[in-house]
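Each chain, letter by letter, is given below.
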Amino acid sequence: MKLSDSSLRNIGFSLWLVVVLAICILVFLAPMKRSVVPGYHEAAENWISHESLYFESKHAYFYFPQFALLFVPFHYLPTPYGDILWRLFQSALLVAGIWRMVNLSESTDKGFTFLCVSAIAIAACIGAIRNGQANVLLAALMIHSTASLARSQWWLAAFCMGVALVVKPLALVFILLAIIAYHSTIPRIALIVCIFIVLPFLFADSAYVLSQYGEALRKMLSSSLTTEHRFADINGLLRSLGIGISGLLSQSMRVIAGASIAVLWWISAKRMGEPERSLMLLAFAATYLMLFNPMTESNSYVIVIPSMAYYAVYYLKISRLPVLGWSLVFMGLSIGILPEMLRSWVPNLSLWWKPLMMVLFLAFLVWKVFAVDPSRPNYKYVKTCHGSH
């Protein structure tokens, strides 16, 4: 008996529900195990007490002051209920974002597509959801921004980007790329960012807020110089090969890579219509963050896996490019499963395997920019940016 598309969609949602509920049970039984949330509680408590958010502790704080303010409602709930609600909140936004992304396509089997994307992506998301990492929320907001840009929902897109910046400064990469093509978002983003800058002054005295902004800036600058071999960025791959790059050379490499990806994105924005354009924005921003953020952790790949899974299913459904589709499926599943499966035999596998897969994904994106995609027989170049009219 053939299942209806709505039934396949419901199976996709059920898959996420089972995984997230299982994680919530684990959190209920052992709230402190495999969790970064105690660091968020510490930051929220420090904000309430008007103490430094950035003092040296075992819970390093790499966020803007607004994130501590955002987490305060969860902090006030008793343990472990606040921690569980935080994970439910992030996960719900992520799954809703993936569903919105799938709905950008014109296909009539969106339920099937959602189920397949979920099946590919979910393994790479489990670790971040289990740990309660803010990367889950960042990934969700980037996807919602993408879907909103594709539909010309400028205010919603700008709001999602603004909140993403509050959640993690890494969102600045997505925002800077977005305004290259989506000019209509520029005044809206500027207004929302200004509101978020002023917001902390409504909850604390100006001297304290200004001191925290200063400490935040110093923290961000110092973190960009990290040389530890425990991150899964391009340096994790290079250091595994015995080619460590640090200091000014590492920073220069990231700047050059950022400029190159900005040019590639600008070219693709000129050549593509929606939703391809916004989906390429998401893919380029996430790929840059995985490869060139010097503090990319293994669980950070929750940010890029929805994009990779989407393209995998997209090309699997096109008979002329099944090899490409299956290659992307392998890349996505291997990011989520392989390092954990082989941890006993290859302890540092995630430090080089995941960035290696991202190098291949970047190569795919470059191909997609310049190739006349055979999956679109009536493909035509679009010479105007969506945000310019």
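Structure's up top.
Let us look at the structure shown here. All values derive from a computational prediction rather than experimental measurement.

The subject of this paragraph is the overall build of the chain. Within the chain one finds 16 helices and 0 strands. A globule of 389 residues ought to have a C-alpha radius of gyration of about 21 Å, and the chain, at 21 Å, matches this closely. The dimensions of the chain, computed from C-alpha atoms along their principal axes, are 60 × 45 × 45 Å. Residue burial in the chain is summarised as follows: out of 389 residues, 55% are buried. By sequence separation, contacts in the chain at least 24 residues apart represent 77% of the contacts at least 6 residues apart. For the chain, the exposed area adds up to about 16900 Å²; of that, 69% sits on carbon and sulfur atoms.

In this section: helix α14 (residues 305-316). End to end, α14 covers 16 Å across 12 residues, agreeing with the expected 16 Å (1.5 Å per residue, within 8%). Of all 12 residues that make up α14, 10 are buried, and the element is covered over most of its length. Looking at α14, one finds that the buried residues are Ile305, Pro306, Ser307, Met308, Ala309, Tyr310, Tyr311, Ala312, Val313 and Tyr315. Against α4 (81-102), α5 (110-131), α6 (135-150), α13 (276-292), α15 (322-341) and α16 (349-370) lie the buried residues of α14.

Throughout the structure, instances matching the rule amount to 32 aromatic pairs. Measuring from ring centre to ring centre gives 5.5 Å for Trp47 and Tyr208, while their planes differ by 55°; the resulting arrangement is tilted. Here Trp47 is found in helix α2 (residues 37-49), whereas its partner Tyr208 is found in helix α10 (residues 206-223), with 161 residues between them in sequence. Residue Trp47 is classed as buried on the basis of its relative accessible area of 4%. With a relative accessible area of 6%, Tyr208 lands in the buried category.

Another point: the side chain of Asn131. Here Asn131 is to be found in helix α5. Look at Asn131 and you get buried, because its relative accessible area is 11%.

Rules behind the numbers
- Residues numbered from 1 in each chain as written.
- Predicted model: local features only at pLDDT ≥ 70, side-chain atom pairs only at ≥ 80, totals over all residues.
- Heavy atoms only, no water.
- Helix = DSSP H or I, 4+ residues; strand = E, 2+ residues; numbered from the N terminus.
- Rg over C-alpha atoms; globule rule 2.2 N^0.38 Å.
- Buried < 20%, exposed > 50% of the residue type's maximum accessible area, 1.4 Å probe, protein only.
- Contact = heavy atoms within 4.5 Å.
- Areas by Shrake-Rupley, 256 points an atom, 1.4 Å probe, with all protein chains shown as cover.
- Expected span 1.5 Å × (residues − 1).
- Phe/Tyr/Trp six-rings, centres within 6.5 Å; stacked < 30°, edge-to-face > 60°.

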